[in-house]
Amino acid sequence: MSLDEAPHVTLSGDRTGDYVVVEERDDGALVLAPDVSAAAILRRQGMSSATLEEFEAEYGPLQPPDGEG
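The rules behind each value
Residues numbered from 1 in each chain as written. Predicted model: local features only at pLDDT ≥ 70, side-chain atom pairs only at ≥ 80, totals over all residues. Heavy atoms only, no water. Pairing = 2+ DSSP bridges. Helix = DSSP H or I, 4+ residues; strand = E, 2+ residues; numbered from the N terminus. Buried < 20%, exposed > 50% of the residue type's maximum accessible area, 1.4 Å probe, protein only. Axes fitted to C-alpha atoms, helices over the stretch in contact; angles between N-to-C directions. Contact = heavy atoms within 4.5 Å.

A. Molecular detail of the pairing of strand β2 (residues 17-24). Here 4 bridges tie strand β1 (residues 8-11) to β2, and the two strands are oriented antiparallel to one another. Each bridged residue has a counterpart across the sheet, and for H8 the counterpart in β2 is V20. Linking two consecutive strands that pair antiparallel, namely β1 and β2, is a turn of 5 residues; a positive phi of about 110° is found at G13 within it. Between β2 and the antiparallel strand that follows it, strand β3 (residues 30-34), lie 5 residues; G28 among them carries a positive phi value of about 95°.

B. Fine view of the pairing of β3. In the sheet, β2 pairs with β3 via 5 bridges, with the strands oriented antiparallel. If you follow E24 over to β3, its bridge partner there is L30.

C. The arrangement of helix α2 (residues 52-59) in detail. The buried fraction of α2 amounts to 0 of the 8 residues, a small share that puts the element mostly on the outside. Just beyond α2, the residue with positive phi is G60, at close to 95°.

D. How the structure looks around the sheet that holds β1. An order of β1-β2-β3 is seen for the 3 strands of this open sheet, with the pairing classed as antiparallel. In this open sheet, the two edge strands, each paired with only one partner strand, are β1 and β3. Pairwise comparison of adjacent strand axes, ignoring direction, gives a mean angle of 45° for this sheet.

E. Local environment of the side chain of D35. Tracing the sequence through the fold places D35 in the loop between β3 and α1 (38-44). Classification of D35 by relative accessible area gives buried; the value is 4%. Once residues lying within four places of it in the same chain are set aside, the contact partners of D35 are H8, D18, Y19, V20, A40, R43 and R44.

This is the structure we're talking about:
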């Protein structure tokens, strides 16, 4: 299972933030890792993905594919 498919948890208290469950042990213990997905990084920074309009305002209109790659 990839980290994108893993269950996510949010902790509060001494360890605040978004985490993914890496392993669930037989005794019920969980092994967690920080969520380093692009979505989690944007949330931590208080940002969001640009809309098409915002992108085009910054870089110009999208062009049709040129057939390479």
